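# Structural description and commentary
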Amino acid sequence: MAKFDLFQFVPFRLNRLAAEVSAALSDEYQQRYGLDIPEWRVIATLGFRDDACSAQFISQCTRTHKSTISRAVTALLDRALIERVENEDDRRAFELRLSAKGKALYEELIPRLLSKERDILSCLTAQERRDFAAALSKIERSLDLVQTRHGHKADAY
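Nothing here was measured: the structure is a model prediction, and the numbers come from that model.

Rules used throughout
Residues numbered from 1 in each chain as written. Predicted model: local features only at pLDDT ≥ 70, side-chain atom pairs only at ≥ 80, totals over all residues. Heavy atoms only, no water. Helix = DSSP H or I, 4+ residues; strand = E, 2+ residues; numbered from the N terminus. Buried < 20%, exposed > 50% of the residue type's maximum accessible area, 1.4 Å probe, protein only. Contact = heavy atoms within 4.5 Å. Polar contact = N/O pair within 3.5 Å; in protein donor to acceptor, adjacent residues only side chain to side chain. 1 Å grid on protein atoms, 1.4 Å probe; cavity = no way out; pocket = protein on both sides within 12 Å on 5 of 7 lines; lining within 4 Å. Points joined across faces, edges and corners; volume = space filled by probe spheres on them. Nonpolar A, V, L, I, M, F, W, Y, C, P; charged D, E, K, R; others polar. Phe/Tyr/Trp six-rings, centres within 6.5 Å; stacked < 30°, edge-to-face > 60°. Lys NZ or Arg CZ within 6 Å of the ring centre and 35° of its normal. Core = buried A, V, L, I, M, F, W, Y, C linked by side-chain atoms within 4.5 Å.

Right, let's get into the environment of cysteine 61. Considering the arrangement of structural elements, one finds cysteine 61 in helix H3 (residues 55-62). Take cysteine 61: its relative accessible area is 22%, and that puts it in the partly exposed class. In sequence terms cysteine 61 and proline 11 are 50 residues apart; their C-alpha atoms lie 20 Å from each other.

This is the structure:
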């Protein structure tokens, strides 16, 4: 049997890294804004888009179970951070967008999170950061993960 080193196993390393980075960032939006991780994912997805989108898109984009997104959407609607808009193609359906209050929160929070991201990545050189981003994109493409604000795969390099 081949020797297995858990600490060299890529899925374990990615999961551990993601959990640590997520925890470091969540301190910012949980303590300051009272948002949990699923609520932040909804705000972040709506905030970086130019148009409204469905909860299903948010679930697909963030790889978060639809019931978790649904609970987050309900909480954010109750706090008036997001709002429902009619779907232009199907009036029975609705899409979501940030409210004015949600946009203000997003615009205040993003610079803080980008600063934390810079701190986390500061152990890498500029070239290492570019290489790391390229490698992540390549893996995401191979797994057919959403990579653009419109839900399509990004163009290959």
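On to helix H2 (residues 37-47), then. Taking burial as the measure, the 11 residues of H2 include eight buried ones, the bulk of the element. Of the residues making up H2, those classed as buried are Pro38, Glu39, Trp40, Val42, Ile43, Ala44, Thr45 and Leu46. Turning to H2, the residues buried within the fold contact helix H1 (10-33), H3, helix H4 (66-78), strand E1 (82-86), strand E2 (94-98) and helix H5 (100-121). Where H2 begins, one side-chain oxygen reaches toward the backbone nitrogen of glutamate 39, 2.8 Å away; that side chain belongs to aspartate 36.

The next subject is the layout of surface pockets. When its volume is computed, the second largest pocket comes out at roughly 160 Å³. Counting only elements with at least two residues in the lining of the second largest pocket, the list comes to H2, E2 and H5. Residues that form the lining of the second largest pocket fall into these classes: four nonpolar, one polar and six charged.

Per the counting criterion, the structure on display carries three aromatic pairs. Geometrically, the ring pair formed by phenylalanine 4 and phenylalanine 9 is edge-to-face, given 5.2 Å between the ring centres and 65 degrees between the ring planes. The class of phenylalanine 9 is partly exposed, set by a relative accessible area of 38%. Between the aromatic rings of phenylalanine 7 and phenylalanine 12, the centroid separation amounts to 5.4 Å while the plane-to-plane angle is 85 degrees, which identifies the pairing as edge-to-face. Above the plane of the ring of phenylalanine 57 lies arginine 49, whose end atom (NZ or CZ) is 4.6 Å from the centre.

It is worth spelling out the nonpolar core at this point. The nonpolar side chains of a soluble globular protein tend to be buried, and buried together. In terms of nonpolar packing, the biggest core is built from 23 residues, with Leu35, Val42, Ile43, Leu46 and Ile82 touching the most fellow members. When residues of this core are traced back to their parent elements, those giving at least two are H1, H2, H3, H4, E2 and H5. When residues in this core are grouped by element, the largest group, five residues, is from H2. The contact partners of leucine 35, leaving out residues within four places of it in the chain, are Tyr29, Gln30, Trp40, Ile43, Leu76, Arg79, Leu81 and Leu105.

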